[in-house]
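Results of the structural survey
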Amino acid sequence: MSESKKLTKRQSAVIDDLFAGELEEQAILKKHHVRRYEYERWLADGRFAAQLELRIVHGHRQGRITLARYAATAAVKLVELAASGKGETARKACLDIIAPLAPADQNSRADGGSDETPVVPSPGGLTPELAGRLLAALAQERQSQETDGSRS
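My aim in this report is to walk through the structure given alongside it, one point at a time. Owing to the predicted nature of the structure, the values given are computational and were not obtained by experimental measurement.

Turning our attention to the packing of helix 1 (residues 9-20) against helix 3 (residues 36-44). The description of two packed helices rests on the angle between their axes and on the distance between the axes. For the pair helix 1 and helix 3, interaxial distance at closest approach is 12 Å and the crossing angle is 90°. For the element pair helix 1 / helix 3, the angle class is roughly perpendicular. Packed against helix 1, whose contacting residues are R10, Q11, V14 and L18, the element helix 3 presents E38, Y39 and W42 at the interface. The residue makeup of the contact of helix 1 with helix 3, split by class, is four nonpolar, one polar and two charged.

Structure representation (structure tokens):
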């Protein structure tokens with residue numbers, strides 16, 4: 001590749017199409033008349049590889065931002081589902097609420113790990129204590145609804 005610091009228009013177009021998500025890699029190469037060996041040479045070039053990696057990192061960051069943006073909404077929906085009174089739906093919602101709180105290594109105690117499970121808040125900031133209180137409140141609400149329903 002030339003010694004210039006910029007990518008060629010064709011290289012930039014290939015990278016843009018790779019992230020547009022409309023075509024598979026081979027179709028993109030065909031569209032831009034890039035032979036496989038030429039593409040592999042580009043991948044070995046530091047400038048092209050660095051630009052490709054930068055776009056990958058950017059894509060991951062955008063995904064994390066989107067997840068963070070909707071985390072609170074998802075948590076509210078899970079709590080609503082947990083309180084829905086539909087047995088299986090509520091059970092699955094409760095599992096989804098507490099799943100991020102499960103220890104990453106289930107075998108830590110078996111291989112001499114500590115009995116203390118570290119308190120790691122979920123991405124939405126839900127600690128095990130908060131999850132426990134939330135589930136207890138849901139159980140109490142459900143119990144009171146069942147009691148009120150049996151009186152009618």
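On we go.
Quick look at the pattern of salt bridges now. Counted according to the given criterion, the structure contains five salt bridges. Salt-bridge contacts for K31 lead to D17; the nearest nitrogen and oxygen are separated by 2.9 Å. One end of the pair, K31, is in helix 2 (residues 25-31); the other, D17, is in helix 1, with 14 residues separating them in the sequence. The class of D17 is buried, set by a relative accessible area of 17%.

Where helix 1 contacts helix 4 (residues 46-82), the two axes come as close as 11 Å, and the packing angle between them is 25°. Between helix 1 and helix 4, the angle falls in the class roughly parallel. Two packed elements cross with a definite hand, and for helix 1 against helix 4 that hand is right-handed. Contacts between helix 1 and helix 4 pair Q11, I15, D16, L18 and F19 from the former with F48, Q51, L52, R55 and I56 from the latter. Here the contact of helix 1 with helix 4 is built from residues that sort into six nonpolar, two polar and two charged.

Another aspect to go through is helix 5 (residues 87-98). In a regular helix each residue adds 1.5 Å, so 12 residues correspond to 16 Å; helix 5 covers 17 Å between its end C-alpha atoms and thus fits that length. Among all positions in helix 5, only A90, A93 and I97 are buried. Mapping the buried residues of helix 5 onto a view down its axis gives an arc of 65°, with all of them on the same face.

This part takes up unusual backbone geometry. What you tend to see is this: most non-glycine residues have negative phi, and most peptide bonds are trans. A positive phi angle, near 55°, is found at H33, a position not held by glycine. With respect to the helices and strands, H33 occurs in the loop between helix 2 and helix 3. Residue H33 is classed as exposed on the basis of its relative accessible area, which comes to 67%.

Here I15 is to be found in helix 1. Considered as a pair, I15 and L52 are 37 residues apart in the sequence and their alpha carbons are 6.7 Å apart. Apart from residues lying up to four places away in sequence, I15 is in contact with L7, F48, Q51, L52 and R55.

Rules of the game
Residues numbered from 1 in each chain as written. Predicted model: local features only at pLDDT ≥ 70, side-chain atom pairs only at ≥ 80, totals over all residues. Heavy atoms only, no water. Axes fitted to C-alpha atoms, helices over the stretch in contact; angles between N-to-C directions. Helix = DSSP H or I, 4+ residues; strand = E, 2+ residues; numbered from the N terminus. Parallel < 35°, antiparallel > 145°, perpendicular 65-115°, else oblique. Contact = heavy atoms within 4.5 Å. Nonpolar A, V, L, I, M, F, W, Y, C, P; charged D, E, K, R; others polar. Salt bridge = Lys/Arg side-chain N within 4 Å of Asp/Glu carboxyl O. Buried < 20%, exposed > 50% of the residue type's maximum accessible area, 1.4 Å probe, protein only. Left-handed = near helix turned anticlockwise from the far one by under 90°. Expected span 1.5 Å × (residues − 1). Arc of directions from axis to C-beta.

The values are spatial; any link to function lies outside them.
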